[in-house]
Every structure is written in structure tokens, then in C-alpha cells.
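The chain contents come next:
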Amino acid sequence: MKIHEKYINRCLELAKKGLGYTYPNPLVGSVIVYNGKIIGEGWHHQAGLAHAEVNAINVVKDTSLLEKATLYVNLEPCSHYGKTPPCSDLIIEKGIKHVVIGTTDPFAKVAGRGIQKLLNAGCQVTVGVLEEACNEVNKRFFTFHKHKRPYIILKWAETNDGFIAPEHQEIGKPFWITSAAAKQLVHQWRSQEAGILIGTNTALKDNPKLDTRLWYGKSPVKIILDQTLKVPKQANVFTGEKTLCIIGNKTTPPTNANHHAIDFSKNLATQVCKIAYTEEIQSIIIEGGKQTLQTFIDENLWDEARVFTGKTMLHKGIKAPILQSVAAYKTNLSTDELTFYKNKY
């Protein structure tokens, strides 16, 4: 089993290369091993392009070795026709007799069917190698398909004395608590998620672009909570490819954004998650103010929280959100402390 773990670990390393690029598909890496040596490896680069198993098979120079080789993959091979043919069919066609799989696929069109197809073709299939790590790498994909909602990441910065913002802030000028290194890291995080969400006050006070200009990668879909359309059409949140505007159910829809109407007096976070699910947004990083963040905390609709603590002192202002959770771990970044939390549900 240890040798299997070695190669599934390599699959996970490869899979992570696709983070931020494969939506709505999962992160998958694959290696092909013959006689203790990797003869082919690949990962899924982008939705619509070849899957990991296909890429691994395609780089094998001596294809006659495939019948004697073992294929490793962190997620069950697909068994259905989507934008590409089923990977399980190709594995069978190439005569690969042994397949080692990290974890099964929760997607309804797969969900064990890929494994069964391989077994029916006479393949030896080993399932459940480093399963927890394999589930973790696809936490966004799994949460979306199992719980019918996006994976939610809360992010905020607070001063050393626990404030998220001053009492009075000049419109259009963000109050920076953290270092330039923290700002760049946040842009990297944005590139890894499908959506980014803020509330009305943040949109008005900071006029943020919510893009990835400080990091290479695709910017997430912007989601703004704007019950009565207070945010002007010229605001930065309405620039770029796509913005979802969530408004009150008694408000006339805007013309410059996709809109969804909800009842702001009832389970706001729950309604937002339902909208994101219908829009096929698998993950959201929430960078709003205290009210928006606290709403998701209070409804227990969050999976991770990433909290920066800077050296700045305010003495008075808007207090940071209250999160009753034990830190998973802490680290330092430049002059800031960064604390990670995981929701235990």
C-alpha cells in the first residue's frame, strides 16, 4: 500500500496544477507506472480539454508497456460522455489491467460507474488510497455536488486590537491593514476560486476591482449584495466579464448585471448559496465587511476562514467578525499574522 501512496501523492501534486482553471471539472492528476518507474503522467488543465488519464497515456513512448503497467489517478475515471469521451473507455481500450484510484467521484453521472465499468472489463481496481487527501484536494467539487452549494471561504484583515475598519472612511479609499505581500497573496487566492462576494458597504466605501491584477490567473465571477441598488453603474464591481447582482425582491432589476432577487430579511447566506449553485459557481471567497461575513458565520455556511492580523492599532472602529472556532494553524507573512480556520460543522 505504501507504494500506492507514493504514486497517488504524485497524482495530487499534478492535480493541484489545475487549481483555478478546471471549473466546473475537478482537479485530477494521473501517473502510469511500469516496473517501478513512471512512464507517463498528466493532469487536467482546463474544462473541455483532455482529462488527466488521457494526458498521461498520450505521453507514454512505448505503448506496448501499457498492458503491463498500473495507472494511478486521484479521482475515479469518468464513465460518461461530456465535452470529452469517457476515460474509463480509453483505459480499457489501451489494455491497462490495474488501476489505483484515490477516491470515488460524487458527481451523479459518475458515482461508482467508472469503477464498475473497469471491473466489468476485467481490470483489477484498487480504491481508497490516501482518500482523505484526495477528498481535500477536490473539496470545492465535492462540497458543490454533495451539499448542493459552493465551498465558502471567509477572508478578512483586522488590526492588532481587533478592528476591521475605522468608524469613518473616505469613500473610494480602502483602509489597508496588511502588507503588500498579503495583498498579493489574496489575489492569488482569488485566482483559485470561482466567485468572489462583497456587500453594498464594501462596494461603496472601497470601490474594489475584485480581480487578480497582482497575480497571474483568471478573475472570479463578482457577486454583489445590493438590496436597493445603491452601488452606481460606474463602480468597479460592474467591470469585467461577469457580475451577479443580488437585489431585494421589491427592487427593479439593473440593466448592467445578471440579477437575482431575494428576501434580505430571511437566511441571506442560504439564499446566496442557492443562487450560486444554480449559476454553477463551485466556490466563493467572501471579502465583504463585518455584516456580510457575520451573516455567513451565523448561518454556519462557511468552510474555511483566513484572517490576517496586522500591526496597525485603531483603538475604535468597526469590530472584526466574531468566529467561535479554534484555529487550524497560524503562520506569518511579512509583518502580518495569518490564521486559518476550518469549520467542523
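Conventions and cut-offs
Residues numbered from 1 in each chain as written. Predicted model: local features only at pLDDT ≥ 70, side-chain atom pairs only at ≥ 80, totals over all residues. Heavy atoms only, no water. Helix = DSSP H or I, 4+ residues; strand = E, 2+ residues; numbered from the N terminus. Rg over C-alpha atoms; globule rule 2.2 N^0.38 Å. Buried < 20%, exposed > 50% of the residue type's maximum accessible area, 1.4 Å probe, protein only. Contact = heavy atoms within 4.5 Å. Areas by Shrake-Rupley, 256 points an atom, 1.4 Å probe, with all protein chains shown as cover. Core = buried A, V, L, I, M, F, W, Y, C linked by side-chain atoms within 4.5 Å. Pairing = 2+ DSSP bridges. Axes fitted to C-alpha atoms, helices over the stretch in contact; angles between N-to-C directions. Polar contact = N/O pair within 3.5 Å; in protein donor to acceptor, adjacent residues only side chain to side chain. UniProt positions renumbered as here; feature names shortened; annotations may be inferred. 1 Å grid on protein atoms, 1.4 Å probe; cavity = no way out; pocket = protein on both sides within 12 Å on 5 of 7 lines; lining within 4 Å. Disulfide = S-S within 2.5 Å.

1. Quick word on the overall build of the chain
Line of reasoning, step 1. The number of helices and strands found in the chain is 10 helices and 16 strands.
Line of reasoning, step 2. In terms of overall dimensions, the chain is globule-like: its C-alpha atoms have a radius of gyration of 23 Å, near the 20 Å expected for 345 residues.
Line of reasoning, step 3. Seen along its three principal axes, the alpha-carbon backbone of the chain occupies a region of about 70 × 45 × 35 Å.
Line of reasoning, step 4. When the 345 residues of the chain are sorted by exposure, 53% land in the buried category.
Line of reasoning, step 5. For the chain, contacts bridging at least 24 residues in sequence account for 70% of all contacts bridging at least 6.
Line of reasoning, step 6. Approximately 16700 Å² of the chain is accessible, and the part contributed by carbon and sulfur atoms is 50%.

2. A short note on the nonpolar core
Line of reasoning, step 1. Within the largest apolar cluster, 32 residues are counted, with the highest numbers of intra-cluster contacts made by L154, W156 and F296.
Line of reasoning, step 2. Secondary structure elements with two or more residues in this core: strand 6 (151-158), strand 7 (163-165), strand 9 (221-225), strand 10 (243-248), helix 9 (268-278), strand 12 (283-286), helix 10 (290-298) and strand 13 (304-309).
Line of reasoning, step 3. Here this core gets six residues from one element, more than from any other, and that element is helix 9.
Line of reasoning, step 4. Aside from chain neighbours lying at most four places away, what touches F296 is I152, L154, L197, A269, V272, C273, I286, L301 and W302.
Line of reasoning, step 5. Of all hydrophobic cores here, the second largest spans 27 residues; its members include V54, V60, C87 and F142.

3. Focus: the sheet that holds strand 5 (residues 124-127)
Line of reasoning, step 1. Strands sit in the order 2-1-3-4-5 across an open sheet of five strands; the sheet is mixed. One side of each edge strand has no neighbouring strand; the edge strands of this open sheet are strand 2 (37-43) and strand 5. Between one strand and the next, the sheet's axes are offset by a mean angle of 15°, whatever the strand orientation.
Line of reasoning, step 2. Across six bridges, the pairing between strand 1 (residues 29-34) and strand 2 is antiparallel.

4. Concerning the side chain of D303
Line of reasoning, step 1. Along the chain, the position of D303 falls in the loop between helix 10 and strand 13.
Line of reasoning, step 2. Within the local environment of D303, its side chain forms a polar contact with the side chain of R149, the two groups lying 2.9 Å apart.
Line of reasoning, step 3. In terms of polar contacts, D303 uses its side chain to reach the backbone amide nitrogen of I152, at 2.8 Å.

5. Concerning the UniProt feature "binding site: NADP(+)" (unreviewed entry) in the chain
Line of reasoning, step 1. Residues annotated by UniProt as "binding site: NADP(+)" (unreviewed entry) correspond here to A157, W176 and T202. For the annotated residues, spread through 46 residues, the largest C-alpha to C-alpha distance comes to 13.3 Å, consistent with a single compact locus. The subset of these annotated residues that lines the largest pocket comprises A157, W176 and T202.
Line of reasoning, step 2. Position of W176 relative to the elements: it lies in the loop between strand 7 and helix 7 (180-192).
Line of reasoning, step 3. Note that T202 resides in helix 8 (residues 200-206).
Line of reasoning, step 4. When its relative accessible area of 12% is taken as the criterion, T202 is described as buried.

6. Topic: the sheet that holds strand 16 (residues 336-342)
Line of reasoning, step 1. If you trace the nine strands from one edge of the open sheet to the other, you get 11-10-9-8-12-6-13-16-15, paired in mixed fashion. In the strand order of this sheet, the two ends are held by strand 11 (258-262) and strand 15 (327-333), each with one partner. Averaged over all pairs of adjacent strands, the angle between their axes in this sheet comes to 20°, without regard to strand direction.
Line of reasoning, step 2. Judged from the six bridges that link them, strand 15 and strand 16 form a sheet pairing that is antiparallel. In the sheet register, T331 faces strand 16, and the bridge partner there is L338.
Line of reasoning, step 3. Contacting strand 6, strand 8 (195-198), strand 12, strand 13, strand 15 and strand 16, helix 7 runs over the sheet at an angle of about 165° to strand 13.

7. Some remarks on the environment of P77
Line of reasoning, step 1. Along the chain, the position of P77 falls in the loop between strand 3 (70-75) and helix 3 (87-93).
Line of reasoning, step 2. By relative accessible area, P77 is classed as buried at 0%.
Line of reasoning, step 3. P77 sits 249 residues away from V326 along the chain, and the two C-alpha atoms are 37 Å apart.

8. Brief notes about the state of the cysteines
Line of reasoning, step 1. Summed over the entire model, instances satisfying the criterion amount to zero disulfides.
Line of reasoning, step 2. Left unpaired, C123 is separated from the closest cysteine sulfur, that of C87, by 13 Å.
Line of reasoning, step 3. Its relative accessible area of 8% is what places C123 among the buried residues.
Line of reasoning, step 4. Unpaired in terms of disulfides, C245 finds its nearest cysteine sulfur in C273, a separation of 17 Å.

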